[in-house]
Amino acid sequence: NDSIRSLLKTKDQSIVLYSSLTPFLVAVMEYYFCETLISFIKYDENTRALIINEKIKIGIPDVMKIQNKETSIERIIADTYNFQNLESIKKAYKKYLDIDIFEILSKKKNINGKIFRVLERLKTIVGNRHMIIHNLEFDYNITKEEYIINAKTMIKVIELITEDIQQKKGIDINIYK
């Protein structure tokens, strides 16, 4: 009976557990994309050259934080982007690194024995995070296996973007140290 199944799903505590872990996956993505961008703005000559023409307003409090070494110009630039938003990440990476993350992540990949378009799965994860954080809604279809696929998707995102950066920039990055 569908109504009994629906009722049982709402009583399954694993749904709360795996749904509650989803924002942490998005936090991993946010950290990776933000810190990688900051590193390139700070250390890559081509990326640094782009910030010369930046037209961002920096308030006196931020200038004081830069002076006191509490923040950096690179972090202030990165803070103008929302790294929980895929469109914002795409915009930042296209502008500073000439990398189209959507093109890279649109590839189909085998994740935990299932074939997915990485970008579509990532959009679902980010959407689920939004539902949890802003609406306190859970994904009642999430299982341990689905959560593991989500976690492995995030790993695949990092691997794919890092591989592209290595290829385009001609540098060696070991993400598993």
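Residues numbered from 1 in each chain as written. Predicted model: local features only at pLDDT ≥ 70, side-chain atom pairs only at ≥ 80, totals over all residues. Heavy atoms only, no water.

### Comments concerning the overall build of the protein chain
The condition is simple: Here a helix means four or more residues in a row that DSSP labels H or I, a strand means two or more in a row labelled E, and each is numbered from the N terminus. Note on classification: 1.4 Å probe, protein chains only; a residue is buried when its accessible area is under 20% of the maximum for its type, exposed when over 50%, partly exposed between these limits. It only takes one pair of heavy atoms within 4.5 Å for two residues to be counted as in contact.
Of regular secondary structure, the protein chain possesses nine helices and two strands. Mapped from its N terminus to its C terminus, the protein chain presents α and β elements in the order α-α-α-α-α-α-α-β-β-α-α. On the principal axes, the C-alpha backbone points of the protein chain span a range of 65 × 40 × 30 Å. By residue count, 37% of the 177 residues in the protein chain fall in the buried class. Within the protein chain, residue pairs in contact and separated by at least 24 positions form 67% of the contacts whose partners lie at least 6 positions apart.

### Focus on helix α8 (residues 118-135)
Owing to its 3.6 residues per turn, the α-helix aligns residues three or four sequence positions apart on the same side. We count it as follows: What a helix is expected to span follows from its residue count: subtract one and scale by 1.5 Å.
Taking 1.5 Å per residue, 18 residues should reach 26 Å; α8 reaches 25 Å between its end C-alpha atoms and fits that length. Buried residues of α8: Val118, Leu119, Arg121, Leu122, Ile125, Val126, Asn128, Arg129 and Ile132, and no others.

### What about the environment of glutamate 120?
On the secondary structure map, glutamate 120 appears in helix α8. You can call glutamate 120 partly exposed: its relative accessible area is 44%. Distance from glutamate 120 to phenylalanine 102, taken between C-alpha atoms, is 9.7 Å for residues 18 residues apart in sequence.

### Description of the packing of aromatic side chains
This is how it is decided: For Phe, Tyr and Trp, where Trp contributes only its six-membered ring, two rings pair if their centres lie within 6.5 Å, and the inter-plane angle classes them as stacked under 30 degrees, edge-to-face over 60, or tilted in between.
What the rule picks out here adds up to five aromatic pairs. When the centroid spacing of 5.8 Å and the interplanar angle of 25° are considered together, the rings of tyrosine 18 and tyrosine 147 count as stacked. Note that tyrosine 18 is positioned in helix α2 (residues 13-43) and tyrosine 147 in helix α9 (residues 144-169), a separation of 129 residues in sequence. The exposure class of tyrosine 18 is buried, given its relative accessible area of 14%.

### Here's the deal with the nonpolar core
Note the threshold: What we call a nonpolar core is a set of buried Ala, Val, Leu, Ile, Met, Phe, Trp, Tyr and Cys residues that are connected through their side-chain atoms within 4.5 Å.
In this structure, Met29, Phe33, Phe83, Tyr93, Leu105 and Ile161 are the most contacted members of the largest nonpolar core, which totals 43 residues. Per element, the largest residue contribution to this core is 11 residues, and it comes from α2. What methionine 29 contacts, discounting residues up to four positions off in sequence, is Phe83, Gln84, Leu86, Ile89, Leu122, Val126 and Met154.

### A few points about the packing of α2 against helix α6 (residues 86-97)
The axes of two packed helices give the description: the angle between them and the distance between them. Here is the rule we go by: Lines fitted to the C-alpha atoms define the axes, with helices restricted to the stretch that makes contact. Angles between their N-to-C directions range from 0 to 180 degrees. Any angle that falls under 35 degrees is termed roughly parallel, while one over 145 is termed roughly antiparallel, one within 65 to 115 roughly perpendicular, and all others oblique. Definitions for this section: a left-handed crossing has its near helix turned counterclockwise from the far helix by less than a right angle. A right-handed crossing has that turn clockwise. In the scheme used here, Gly and all other residues not listed as nonpolar or charged are polar, with Ala, Val, Leu, Ile, Met, Phe, Trp, Tyr, Cys and Pro taken as nonpolar and Asp, Glu, Lys and Arg as charged.
Close contact between α2 and α6 brings their axes to 11 Å; oriented N to C, the two are set at 20°. Between α2 and α6, the angle falls in the class roughly parallel. In this structure, α2 meets α6 at a crossing whose hand is left-handed. Between α2, through Met29, Tyr32, Phe33, Thr36, Leu37, Phe40 and Ile41, and α6, the contact on the second element is made entirely by Leu86, Ile89, Ala92, Tyr93, Tyr96 and Leu97. Among the residues forming the contact of α2 with α6, the class breakdown is 12 nonpolar, one polar and no charged.

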